[in-house]
Amino acid sequence: MTNIQKNLIAVEQEIQRACDKSGRNRTEVSLIAVSKTKPISMIQEAYNAGIRDFGENRVQELMDKIPQLPSDIRWHMIGHLQRNKVKYIVDKAAMIHSVDSLALAEEISREAVKKNVTVDILIEVNVAEESSKFGVAVSELPGLVESISKLPSIHIKGFMTVAPYTENPEENRPYFHKLVELAVDINRKNIDNRGMCLFSMGMTGDYSVAIEEGATYIRVGTGIFGERGNITD
Ligand SMILES: *Cc1c(COP(=O)(O)O)cnc(C)c1O
């Protein structure tokens, strides 16, 4: 068995354990294999092992990889997205996880209308309020949801967060809990209830805790493909 195959079995066992512990059904959680910086051959290997959801954080890399891999892959844009790059991915990404401003959402909406597609997005929330992180502040979230909800051809499906790096995943539990709570609050107030119910949270170091707190997408890179070379990756 290859390392990727072994890793995927271990990750799958851990997902199942977290689901069992929290009384959730395994089908509620989608595993996104974060393949940024990794070569086509490794992605193909994970694909062959059954993975269909992959996450990338750079538009150019995503564009390079898409034509080289099977067309039934669902590509998730998980990294900071610049407005001038929206046009390249708006009809290619299954989900954009990293929308954190009205200006970006407007650009996505504009391009979606132009290309006659609807785009599913998550709003990235900086729940831990780290100054180094992208994402909208908790206090700005309700207003942003309301504004984006009015735009055509863009649908807010839920929220995403990148929790702080920590050795102890329990430290991130309150942030995951909070992200779900924010959606419950906003859904309750929404008159034209759009039902935000997808939560992209949890990475290699803390996905078990994220699942226990309600994650529907976990984004696992290192735990599947191994360490990335560059510390800025
Ligand atoms: C790189 C990345 C991940 C995966 O991180 P790992 O710790 O390698 O699992 C998840 N989410 C985002 C937004 C990332 O940029």
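Anything mentioned here points back to the structure above.
As the structure is a prediction and not an experimental result, all values here were calculated from the model. (Residues numbered from 1 in each chain as written. Predicted model: local features only at pLDDT ≥ 70, side-chain atom pairs only at ≥ 80, totals over all residues. Heavy atoms only, no water.)

1. Side note on the side chain of Asn57
(1) Moving on: Assignment of secondary structure puts Asn57 in the loop between strand 2 (53-56) and helix 3 (59-65).
(2) Moving on: For Asn57, a relative accessible area of 18% translates into the label buried.
(3) Moving on: Ignoring sequence-local partners within four residues, the contact set of Asn57 consists of Lys36, Met77, Ile78, Gly79 and His80. (Helix = DSSP H or I, 4+ residues; strand = E, 2+ residues; numbered from the N terminus. Buried < 20%, exposed > 50% of the residue type's maximum accessible area, 1.4 Å probe, protein only. Contact = heavy atoms within 4.5 Å.)

2. Some words on the pattern of salt bridges
(1) Moving on: Inspection of every chain in the model, using the stated rule, returns 18 salt bridges.
(2) Moving on: Across the pair Asp72 and Arg52 runs a salt bridge whose closest N-O atoms are separated by 3.3 Å. Residue Asp72 is located in the loop between helix 3 and strand 3 (74-77), and its partner Arg52 is located in the loop between helix 2 (40-48) and strand 2; the two are separated by 20 residues in the primary sequence.
(3) Moving on: Here the residues in one salt-bridge network are Lys21, Glu170, Arg173, Glu212 and Glu213, joined through shared partners. (Salt bridge = Lys/Arg side-chain N within 4 Å of Asp/Glu carboxyl O.)

3. A look at the state of the cysteines
(1) Moving on: Evaluated as defined, the whole model comprises 0 disulfides.
(2) Moving on: Cys19 takes part in no disulfide bond, and the closest cysteine sulfur, belonging to Cys197, lies 16 Å away. (Disulfide = S-S within 2.5 Å.)

4. With respect to the site of the ligand
(1) Moving on: Surveying the vicinity of the ligand reveals the residues Val34, Lys36, Ile78, Val162, Met203, Thr204, Arg219, Val220, Gly221, Thr222 and Arg228.
(2) Moving on: Contact distances for the ligand include 2.6 Å between an oxygen atom and a side-chain N or O atom of Lys36.
(3) Moving on: One nitrogen or oxygen atom from the side chain of Arg228 is found 2.8 Å from an oxygen atom belonging to the ligand.
(4) Moving on: If the ligand stood free it would expose 390 Å²; the protein chains cover 87% of that surface. (Near = heavy atom within 4 Å. Polar contact = N/O pair within 3.5 Å; in protein donor to acceptor, adjacent residues only side chain to side chain. Areas by Shrake-Rupley, 256 points an atom, 1.4 Å probe, with all protein chains shown as cover.)

5. Notes on the pairing of strand 6 (residues 154-160)
(1) Moving on: Of all the 7 residues making up strand 6, 5 are buried; the element is thus mostly covered by neighbouring parts of the structure.
(2) Moving on: Note that strand 5 (residues 119-124) and strand 6 share 6 bridges and pair parallel. Looking across to strand 6, one finds that Ile123 is bridged to Phe159.
(3) Moving on: This β-α-β element, strand 5 to helix 6 (residues 141-149) to strand 6, shows right-handed connectivity. (Pairing = 2+ DSSP bridges. Right-handed = clockwise from strand over helix to strand, strands pointing away.)

6. Regarding the environment of Ala18
(1) Moving on: Structurally, Ala18 is set in helix 1 (residues 3-22).
(2) Moving on: The class for Ala18 is buried, based on a relative accessible area of 2%.
(3) Moving on: Placed 192 residues apart in sequence, Ala18 and Ala210 show a C-alpha to C-alpha distance of 8.8 Å.
(4) Moving on: If near-sequence neighbours (up to four positions away) are discounted, Ala18 is found in contact with Ser208, Ile211 and Glu212.

7. Digging into helix 1
(1) Moving on: Helix length check: helix 1 (20 residues) gives 29 Å between terminal C-alpha atoms against 28 Å at 1.5 Å per residue, within 8%.
(2) Moving on: What helix 1 keeps buried is the set Ile4, Leu8, Val11, Ile15, Ala18 and Cys19. All buried residues of helix 1 lie within an arc of 100 degrees about the axis, which places them on one face of the element. Facing away from the buried side of helix 1 by more than 90 degrees, the exposed set consists of Asn3, Gln13, Arg17, Asp20 and Lys21.
(3) Moving on: Just past helix 1, the residue Gly23 takes up positive phi, approximately 65 degrees. (Expected span 1.5 Å × (residues − 1). Arc of directions from axis to C-beta.)

8. Describing the packing of aromatic side chains
Aromatic ring pairs are described here by two measures, namely the spacing of the ring centres and the angle between the planes.
(1) Moving on: Under the criterion given, the structure shown has 1 aromatic pair.
(2) Moving on: Taken together, a centroid distance of 5.9 Å and an interplanar angle of 40 degrees make the contact between Phe54 and Trp75 tilted. With a gap of 21 residues between them, Phe54 in strand 2 and Trp75 in strand 3 connect regions that are remote in the sequence.
(3) Moving on: Owing to a relative accessible area of 0%, Phe54 belongs among the buried residues under this scheme.
(4) Moving on: Its guanidinium or amino end placed over the ring of Tyr47, Arg52 lies 3.5 Å from that ring's centre, counting from NZ or CZ. (Phe/Tyr/Trp six-rings, centres within 6.5 Å; stacked < 30°, edge-to-face > 60°. Lys NZ or Arg CZ within 6 Å of the ring centre and 35° of its normal.)

9. Notes on the environment of Pro142
(1) Moving on: As for its position among the elements, Pro142 is in helix 6.
(2) Moving on: For Pro142 and Met160, which are 18 residues apart along the polypeptide, the C-alpha to C-alpha distance reads 15 Å.

10. Regarding unusual backbone geometry
(1) Moving on: Unusually for a residue other than glycine, Thr37 sits at a positive phi of about 70 degrees.
(2) Moving on: When you line up the elements, Thr37 lands in the loop between strand 1 (30-34) and helix 2.
(3) Moving on: Even without being a glycine, Ser153 presents a positive backbone phi close to 65 degrees.
(4) Moving on: Its location among the elements puts Ser153 in the loop between helix 6 and strand 6.
(5) Moving on: The exposure class assigned to Ser153 is partly exposed, which follows from its relative accessible area of 22%.

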